[in-house]
Amino acid sequence: MIFYKGKHFRSSDRKYMQNAVPLFLGMLFCMSCLAGGTWAWLSANQTTPVQFIQSAQYSVAVEVSDASTETPIEVNEAENVASCTLTTNTSYSVTLTPYGTATKGYCLITDGDKVYTTGQLWVNTKFVFTYNNGLADEFETAEEYDELINNTTGKKIAIAWYWGEYPNALSQMIFSMGEPILLENGSVIGQPIAERPEEKATLSLQLTNMTANMESGELAVGTDCVITFTADEGYTLPESIMVEGVEIYTYVYGVYSVLIIPADQVQEGTKIVVTAAGMADPTESPTTEPTTEQETPPMEGDTTPTEPDTSPTEENTTPTEPTAPDEGNTVPTDPPTNPIEEETASPESTTAPVEDDTTPAEPPAALSMDGIPTTESSGSTAPAASTPESTEGASPDESIDIEE
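Here the structure is a predicted model, which means the values were calculated and not measured.

What counts, and where the lines are drawn
Residues numbered from 1 in each chain as written. Predicted model: local features only at pLDDT ≥ 70, side-chain atom pairs only at ≥ 80, totals over all residues. Heavy atoms only, no water. Helix = DSSP H or I, 4+ residues; strand = E, 2+ residues; numbered from the N terminus. Buried < 20%, exposed > 50% of the residue type's maximum accessible area, 1.4 Å probe, protein only. Contact = heavy atoms within 4.5 Å. Polar contact = N/O pair within 3.5 Å; in protein donor to acceptor, adjacent residues only side chain to side chain. Pairing = 2+ DSSP bridges. Axes fitted to C-alpha atoms, helices over the stretch in contact; angles between N-to-C directions. Core = buried A, V, L, I, M, F, W, Y, C linked by side-chain atoms within 4.5 Å. Patch = residues over 30% accessible without salt bridge, like charges linked within 9 Å, V, L, I, M, F, W, Y side chains within 5 Å. Areas by Shrake-Rupley, 256 points an atom, 1.4 Å probe, with all protein chains shown as cover. Salt bridge = Lys/Arg side-chain N within 4 Å of Asp/Glu carboxyl O.

Some remarks on the environment of Asp-66
- Position of Asp-66 among the secondary structure elements: in strand 1 (residues 59-66).
- Judged by relative accessible area, which is 15%, Asp-66 ranks as buried.
- Taking the C-alpha atoms as reference points, Asp-66 and Thr-130, separated by 64 residues in sequence, lie 9.9 Å from one another.
- With residues up to four places along the chain from it excluded, the contact list for Asp-66 reads Thr-71, Ile-73, Thr-90, Ser-91 and Tyr-92.
- In this structure the side chain of Asp-66 is engaged in a polar contact, spanning 2.8 Å, whose partner is the side chain of Ser-68.

Comments concerning the sheet that holds strand 18 (residues 250-252)
- Strand order in the open sheet formed by 4 strands is 14-15-19-18, and the pairing between neighbours is antiparallel. Looking at the sheet topology across the chains shown, the edges are occupied by strand 14 (210-214) and strand 18. Geometrically, the sheet is characterised by an average inter-axis angle of 20° between neighbouring strands, direction not taken into account.
- Note: strand 18 against strand 19 (residues 257-261), 3 bridges, orientation antiparallel. Looking across to strand 19, one finds that Tyr-251 is bridged to Leu-259.

Looking at the nonpolar core
- Within the largest apolar cluster, 24 residues are counted, with the highest numbers of intra-cluster contacts made by Val-62, Leu-96 and Phe-129.
- Of all elements in the fold, only strand 1, strand 4 (81-86), strand 5 (90-99), strand 6 (104-110), strand 9 (127-133) and strand 10 (155-163) reach the threshold of two or more residues within this core.
- Phe-129 has contacts with Tyr-92, Ser-93, Val-94, Leu-96, Ile-109, Ser-187 and Ile-189, leaving out every residue within four places of it along the chain.
- If you look at the next biggest cluster of nonpolar residues, it comprises 18 residues, including Ala-201, Cys-225, Ile-241 and Leu-259.

Quick word on the pairing of strand 19
- Across the two faces of strand 19 the burial differs, with Ser-257, Leu-259 and Ile-261 buried and Val-258 and Ile-260 not buried at all.
- Bridge analysis of strand 15 (residues 225-231) against strand 19 gives 5 bridges, and the strand direction is antiparallel. Bridge assignment links Phe-229 to a residue of strand 19, and that residue is Ser-257.
- With antiparallel pairing between neighbouring strands as the criterion, strand 18 and strand 19 make up a hairpin whose turn holds 4 residues.

Topic: the pairing of strand 6
- Burial within strand 6 is extensive, with 5 of its 7 residues counted as buried.
- Sheet topology note: the strand 6/strand 8 (residues 121-122) ladder contains 2 bridges and is antiparallel. Note on strand 8: the bridge partner recorded for Gly-105 is Leu-121.
- The sheet contact formed by strand 6 and strand 10 spans 6 bridges and is antiparallel. Each bridged residue has a counterpart across the sheet, and for Tyr-106 the counterpart in strand 10 is Tyr-162.
- With 3 bridges connecting them, strand 6 and strand 7 (residues 115-117) associate as antiparallel partners. Note on strand 7: the bridge partner recorded for Ile-109 is Tyr-116.

Focus on the sheet that holds strand 5
- With mixed pairing, 5 strands are arranged side by side in an open sheet as 2-1-5-9-12. Every other strand in the sheet has two partners, leaving strand 2 (72-73) and strand 12 (188-191) as the edge strands with one partner each.
- Bridging between strand 5 and strand 9 involves 7 bridges; their strand directions are antiparallel. Following the sheet pairing, Leu-96 is matched in strand 9 by Phe-127.

Structural notes on unusual backbone geometry
- Following Tyr-166, the chain continues into Pro-167 via a peptide bond in cis, with omega recorded as 5°.
- Topologically, Pro-167 is positioned in the loop between strand 10 and strand 11 (181-182).
- Even without being glycine, Glu-70 reaches a positive phi, approximately 60°.
- Mapped onto the secondary structure, Glu-70 falls in the loop between strand 1 and strand 2.
- According to the relative accessible area criterion, Glu-70 is exposed, its value standing at 63%.

Looking at a nonpolar patch on the surface
- A contiguous nonpolar patch, built from Val-21, Phe-24 and Leu-25 and spanning about 310 Å² of accessible area, is present on the exposed surface.
- Locating Val-21 in the fold gives a position in helix 1 (residues 11-43).

Describing the pattern of salt bridges
- This model, assessed by the stated rule, comprises 3 salt bridges.
- A salt bridge links Glu-165 to Lys-104; its shortest N-O distance comes to 2.3 Å. Residue Glu-165 is located in the loop between strand 10 and strand 11, and its partner Lys-104 is located in strand 6; the two are separated by 61 residues in the primary sequence.
- Residue class for Glu-165 comes out partly exposed when judged on its relative accessible area of 35%.
- For Lys-104, a relative accessible area of 23% gives the class partly exposed.
- Here Lys-155 makes a salt bridge to Asp-113, at a shortest N to O gap of 3.7 Å. Taken together, the residues Lys-155 in strand 10 and Asp-113 in the loop between strand 6 and strand 7 connect sequence positions 42 residues apart.
- Take Lys-155: its relative accessible area is 25%, and that puts it in the partly exposed class.

Interpretation note: all reported values are geometric properties and have no functional meaning in isolation.
Structure, rendered in structure tokens:
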């Protein structure tokens, strides 16, 4: 039928058929290629390595160590950030070493207070800086220093790295702690290390009724501490005292007691507390001054006889019954203002006259009874108070009457 020519075949039909044949052959060729390629894809084996397209890589090795002991500190890494915890009041050395396919980048460092930047860091080069994790406060004593050290936690420092040109990408970052501070290789940042104050030995004396004297004048570290005690007036030193803060000491008891603390016990930071109290002296009695009545001087006109006449007359040597003195024969506490008239013995009395009663110069407690003849015979009593006229004793007339 392809070469059939009908009755009405025309030349235009022949041209159409000539154009359709190549089109048909092209479609058949395409279908053959598609089938062959599909079969080849399913049955082919890998004979050459796969080539991957990679972007630039930039990382930094972070090393942190104690600056004084060179002891390494553990560093934790997560993605592009390395972090570690620093001990209080310690200095650290930080070393940054970039590596990777990229040629350059930079790092940002933060301690929670400030942000620092390293500037441009090239691969396979080292950047070293020192971070001091010191204390901001000032201390007067070592005790205050130790207390803050024990109550302060470590500080965390973080280091992040970025690939690219510095500071192009840095200008697009937002920082809440202010603009980054540019570091140089060998820079020192952070709070300076605080020095621990020098410890000193202290002495506290808690004394009662006694005093102390230190030979050196002050407590010196590494030397013997010698303290001399003296009791206050009316007190004696105790046989033992209490000493806190040291284990070994010597206490010598005596009139002047001495406390000796050896030099090896007096070290820095030693706190010595001495507690002692004087004892009341039982041998010392309180001084009692004479009363006003005993110290009252005699009134004008009163004289104390130097040697009173206490001997009776010759005929009246044998006493009869002793009689107690009348109420008028008492020693007056206060001499009378007006002298009493002289009283003479009665003619009928056989009793010898009693010596004149005058105010004694010494207290009544020491008054001798020798001058009062209580063992003589009864008779009139001595006057209550002596007068200038009565100091001479009885008159001659009285003596005559007694003899009769």
